[in-house]
Amino acid sequence: MALSGSPHGLKVLFVSPEAAPLVKTGGLGDVSGSLPLALRGLGMEVRLVLPLYRQVNLKAHGIKPAGLSLSVPVGGRLWTAQVFTASLKGCQVYLLANEELFGREGIYGPNGGDYADNPLRFTFFCRGAIELARALDWPAQVVHAHDWQTALLPALLETKACDPGPLSGAATVLTIHNLAYQGIYEREAFAVTGLPHWLNSPMGLEFWGNISLLKAGLVTARALTTVSPTYAEEVTTPEGGHGLEGVLAQRHESLHGILNGADYADWSPETDRFLPEVYSRGDMKGKLVCRDKLLAAFGLEKAGKRTSVLSFVGRLVYQKGVDIIIKAAPRLLLDDLRLCILGTGDPEQEAMLQDLARAHPGRLGVRLAFDDELAHLLTAGSDLLAMPSRYEPCGLNQIYALRYGTAPVVREVGGLKDTVQPFDPMSGQGTGFTFQPFHERDLTCAVREALWTRQRPNLWHGLTANAMSQDFSWQRSARAYAGLYAGLVSS
Ligand code: ADP
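Because the structure is predicted, anything quoted here is derived from the model rather than measured. Residue indices begin from 1 for each chain and proceed along its sequence in written order. Predicted model: local features are reported for residues with pLDDT of at least 70 only, side-chain atom pairs are reported and counted for 80 or more only, and whole-chain, interface and lining totals are derived from all residues. Just so you know, side-chain values use all the structure's heavy atoms and leave hydrogens and water out.

Caption draft 1: How the structure looks around the site of the ligand. Definition of nearness: a residue and a molecule or strand are near each other if at least one heavy atom of the residue lies within 4 Å of the molecule or strand. Close to the ligand lie 16 residues; Arg315, Lys320, Ala369, Leu396 and Asn397 are nearest. Within the contact set of the ligand, a nitrogen atom lies 2.7 Å away from a backbone nitrogen or oxygen of Ala369. Polar contacts, as used here, are pairs of N or O atoms within 3.5 Å; protein pairs need one atom able to donate a hydrogen and one able to accept it. Residues neighboring in sequence count only if both atoms are side-chain atoms. The side chain of Asn397 places a nitrogen or oxygen atom 2.9 Å from an oxygen atom of the ligand. For helices the rule is a DSSP run of H or I covering at least 4 residues; for strands it is a run of E covering at least 2, with both sets numbered from the N terminus onward. When residues of the shell around the ligand are traced back to their parent elements, those giving at least two are β13 (308–316), β14 (337–345), α13 (372–381) and α14 (397–403). Tallying contributions element by element places β13 first for the shell around the ligand, with three residues. Put simply, Ala, Val, Leu, Ile, Met, Phe, Trp, Tyr, Cys and Pro go in the nonpolar bin, Asp, Glu, Lys and Arg in the charged bin, and everything else, Gly too, in the polar bin. Residue classes in the shell around the ligand are distributed as seven nonpolar, five polar and four charged.

Encoded structure:
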């Protein structure tokens, strides 16, 4: 039992739709794969619950049947969840299997879309997590849910829509990883959730004539968190709230911004297994080797030391603002610059990038792929990393770039604002370059400021040394979550 105010020995049921390396479609997978381990490192007892999608490789991760089968009542029918289990670096993981619901081609839907019966699939998963705690007789003190897929869990527990069993005293926490994804379905789907009728209203799940599964958690969870302090403020505004700003503003006292961490075991230039040569703050020679290999990988002309390499990696979607990189590129390339872009996503953006590469052979390279190894090389071999996001809940690439001595050029939003300090050549303080208005002109100005700084080796050396000494480790974030949990349990 946890002492009041201390997280030591606290029992945490961590319920997530994904966790790396078992299953990952984005940043949420990284968080759920790392945070439980960091919480364990602080002395908490953490059990992680995931759906067993067809995509999860049982053999590769040592996943075995737990010899346990659960009956899960959803939508007037009893469903069976076969429980599988594994150990993720010492953290106990339970996976709930049901072939009809999770043995499918897609995780959330076909080709990045949405299955119409997702309310059923994820009600099953949330109810299944409660049945699992009952079967294990495991009285977690904190139940931590993530995004729309598990937002029903706090609602089921807090409203006692079903018998919560050993979870009856648990404090519920919901983390919002990206408010743009809200789990919106037709109103008829409310019935399947099993939630009390009063939640089938604008005070509950109703959202402009539909239902939002995320909203179930936003209105009921004991505490809400999101993945950076600035994003926690932005989601309460019309610009950042995606229509949910009113609900979040009402709950602002329970809403906490806790920055994500980086897994430096995977992302450090001293040990990175994907690099042709590793390097460190004290010896940066390897970075030039990485740059040569990067330019070759993108089919670009070799470049001398004074030429700068500016890159982008990420999903090619509206959020990430690649459209202003595309608009800025012809002007940027008037400078002594190479541009490397790695990503997949919107077919229209992909086509525009391919046109751009054809128009600037040898100077601008595009790879339309999801390639982890190339992402590491790009982070190491570039001088500058552009992230002109329209909004950015936290963002990981800029955090990785800092550690690799690659200066981020970022828009001042969300987690980008919280992790990159603008460089001031007078004081020598700062870790990157920032701009505010979402316009190619402002991105270009910030890149030019970076290029000016790069031509002054003393300033550049100071900047990269500042960047490389930043600490955004998971231990730091885990301590913030631990403080939140301890406060909830003792209140
Ligand atoms: P988001 O979760 O919004 O996609 P983040 O910056 O939080 O953005 O995390 C994205 C993660 O996915 C990073 O680890 C990034 O390196 C990786 N990533 C995104 N696109 C690609 C790609 N095309 N190839 C390799 N890695 C990618």
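Caption draft 2: Just the domain arrangement of the protein chain, in detail. Throughout, the edges of the domains are those of an automatic or database domain assignment. Split into domains, the protein chain comes out as domain 1 (11–261 + 474–490) and domain 2 (285–468). Distance from the C-alpha centre of domain 1 to the C-alpha centre of domain 2: 34 Å. Working rule for contacts: check all heavy atoms of both residues, and any pair within 4.5 Å makes them a contact. Facing the 15 residues of domain 1 at the interface are 15 residues of domain 2. Defined here as a combined quantity, buried area equals the accessible surface (1.4 Å probe) lost by two parts on assembly, summed across both. Roughly 1,100 Å² of surface becomes buried between domain 1 and domain 2 when both sides are summed, with 58% attributable to carbon and sulfur atoms. Any carboxyl oxygen of Asp or Glu that lies within 4 Å of a side-chain nitrogen of Lys or Arg is treated as forming a salt bridge with it. At the junction of domain 1 and domain 2, the tally comes to zero salt bridges. One can count seven residue pairs in polar contact (both at pLDDT 80 or more) joining domain 1 with domain 2. It is helix α8 (residues 229–234) that contributes the most residues to the side of domain 1 that touches domain 2, four residues altogether. Each residue belonging to the side of domain 1 that touches domain 2 can be placed in one class, and the counts come to six nonpolar, seven polar and two charged.

Caption draft 3: Representation of the environment of Lys24 in the model. Looking at the element boundaries, Lys24 is found in the loop between β1 (11–15) and α1 (27–41). Under the relative-accessibility criterion, Lys24 is labelled partly exposed at 42%. Taking C-alpha positions, Lys24 is 27 Å from Ser71, a pair spaced 47 residues apart along the chain. Leaving out residues up to four positions away in the same chain, Lys24 has contacts with Glu18, Gly29 and Asp30. A polar contact of 2.9 Å, which involves the side chain of Lys24, links it to the side chain of Asp30. Residue exposure (1.4 Å probe, protein chains only): buried if accessible area is under 20% of the type maximum, exposed if over 50%, otherwise partly exposed.

Caption draft 4: The arrangement of unusual backbone geometry in detail. A cis amide bond, omega 5°, links Ala20 with the succeeding residue Pro21. Its identity as a non-glycine residue notwithstanding, Lys160 has a phi of 50°, on the positive side. Its place among the elements puts Lys160 in the loop between α5 (152–158) and β7 (171–176). Unlike most non-glycine residues, Trp208 shows phi in positive territory, near 45°. Of note, Trp208 is situated in the loop between β9 (206–207) and β10 (210–212). Accessibility expressed as a relative area gives 75% for Trp208, which makes it exposed.

Caption draft 5: Structural view of the sheet that holds strand β17 (residues 407–411). Pairing is parallel across the open sheet formed by six strands, whose spatial order is β15-β14-β13-β16-β17-β18. Two strands close off the open sheet at either side, each with one partner strand: β15 (364–367) and β18 (433–435). Averaged over all neighbouring strand pairs, the angle between strand axes comes to 20°, with direction disregarded. Taken together, the four bridges between β14 and β15 define a ladder with parallel strand orientation. Looking at β15, one finds that Ile341 is bridged to Val366. The convention used is that axes are lines fitted to C-alpha atoms, helices contributing only their stretch in contact, and that angles between N-to-C directions extend from 0 to 180 degrees. Sheet strands touched by α13: β13, β14, β15 and β16 (384–387). Its angle to β13, the strand with the most contacts, is close to 145°. One requirement defines pairing of two strands: DSSP has to find at least two bridges between them.

Caption draft 6: Main features of the pairing of strand β3 (residues 64–74). Relative to strand β4 (residues 77–88), β3 runs antiparallel, the two sharing nine bridges. Bridged to Val74 within β4 is Arg77.

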